[in-house]
Amino acid sequence: MTFTDFHTHDQQAPLPAVIQVPTDSLLRPAEWQPRPGATYSVGIHPWDVTPDAPLQRLFEGFEKLAARPETVAIGECGLDRLRGDYASQNAVFIRQAEYAEALSKPVIIHCVKAIDEILRLHKAIRPRMRWTIHGFRGNATTARQLLAAGLDLSFGPKFNPEAVSTCFPGRLHVETDNSGVPLREVVAALAPFLPPGGLT
């Protein structure tokens, strides 16, 4: 079977894959050149939300690239309590989530030590579009909490086997992120813990 790499920073990743548009391209959107036949995600990463970040320019580029037909998802965006300006990340994330609703595109979320806040925002915004926590490494209890709230989970090379087993078909994705590990190896590592029909 052929699986989609749900989230990767490898600009030359084998297709099918959802490739993250580099932050530098948000500052120069007119220069961005997508690969023929490739699909992309675009977002302002929470690590790039710093006191001296050119947020207005980043949002201008984000909006231009988000509307492109090659862009199939918004992200990665989100919250990270360990890096970046956490006090400002909330507003930046909300703006992107609302834009995703306007464009009818799903959201790929970077979340570090902020699960409760993501759940609170999901409940407040009540998005029509799917939100997915990428690179999920949490335990089964947290996985069940997120799934029950309506979020999907995407797993990369590092994962909690019990969390993988908690998922069910259509709500579980597989990714390489920026690991350099081939997708087939990630799938092989996940396979023993997948529920029946867990990867589609």
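Here is what the cut-offs are and how they apply
- Residues numbered from 1 in each chain as written.
- Predicted model: local features only at pLDDT ≥ 70, side-chain atom pairs only at ≥ 80, totals over all residues.
- Heavy atoms only, no water.
- Helix = DSSP H or I, 4+ residues; strand = E, 2+ residues; numbered from the N terminus.
- Buried < 20%, exposed > 50% of the residue type's maximum accessible area, 1.4 Å probe, protein only.
- Contact = heavy atoms within 4.5 Å.
- Pairing = 2+ DSSP bridges.
- Axes fitted to C-alpha atoms, helices over the stretch in contact; angles between N-to-C directions.
- Salt bridge = Lys/Arg side-chain N within 4 Å of Asp/Glu carboxyl O.
- Core = buried A, V, L, I, M, F, W, Y, C linked by side-chain atoms within 4.5 Å.
- Arc of directions from axis to C-beta.
- Right-handed = clockwise from strand over helix to strand, strands pointing away.

Before going further, it helps to spend a moment on the overall build of the chain. A count of helices and strands for the chain gives 7 helices and 8 strands. Summarising its shape, the C-alpha atoms of the chain cover approximately 45 × 40 × 30 Å along the three principal directions. Across the 200 residues that make up the chain, the buried fraction comes to 48%. Across the chain, the fraction of contacts at a sequence separation of at least 24, relative to all contacts at a separation of at least 6, is 59%.

Before going further, it helps to spend a moment on the sheet that holds strand β8 (residues 172-174). Strand order across the open sheet formed by 8 strands is β1-β2-β3-β4-β5-β6-β7-β8, with parallel pairing between neighbours. Only two strands of the sheet have a single neighbouring strand rather than two, namely β1 (5-8) and β8. Within this sheet the neighbouring strands show an average axis-to-axis angle of 30 degrees, counted without direction. As defined by bridge partners, strand β5 (residues 107-112) adjoins strand β6 (residues 131-133) across 3 bridges and the pair is classed as parallel. Bridging across to β6, valine 107 finds its partner in tryptophan 131. Where helix α2 (residues 55-66) meets the sheet, it contacts β3 (39-42) and β4 (71-80), and its direction lies at approximately 145 degrees from that of β4. Each of β4, β5 and β6 is contacted by helix α3 (residues 86-103), which is oriented at about 160 degrees to β4, the strand it contacts most.

Moving on: the pattern of salt bridges. In total, this model carries 7 salt bridges according to the counting rule given. Where glutamate 70 meets arginine 68, a salt bridge forms, and the shortest distance between an N and an O atom there is 3.2 Å. We classify arginine 68 as partly exposed; its relative accessible area is 26%. The shortest N-O distance in the salt bridge between aspartate 152 and arginine 130 comes to 3.5 Å.

Let us look at the nonpolar core. In this structure, Phe93, Ile109, Ile118, Trp131, Ile133, Leu153 and Phe155 are the most contacted members of the largest nonpolar core, which totals 50 residues. Here this core takes 5 residues from α2, the largest share from any one element. Leaving out residues up to four positions away in the same chain, phenylalanine 155 has contacts with Phe136, Ala163, Val164, Cys167, Leu172, His173, Val174, Glu175, Val186 and Leu190.

Listed as buried for helix α7 (residues 183-190) are Leu183, Val186, Val187 and Leu190. Each buried residue of α7 sits inside an arc of 100 degrees when the element is viewed along its axis, so together they form one side. With respect to the buried face of α7, the exposed residues turned more than 90 degrees away are Arg184 and Ala188. Buried residues belonging to α7 abut β1, β7 (152-155), α6 (161-166) and β8.

Most of β5 sits inside the fold, with 5 of its 6 residues counted as buried. Each parallel crossover has a hand, and for β4 linked through α3 to β5 it is right-handed. Between β5 and its parallel partner β6, the chain crosses via helix α4 (residues 115-125), and the hand of that crossover is right-handed.

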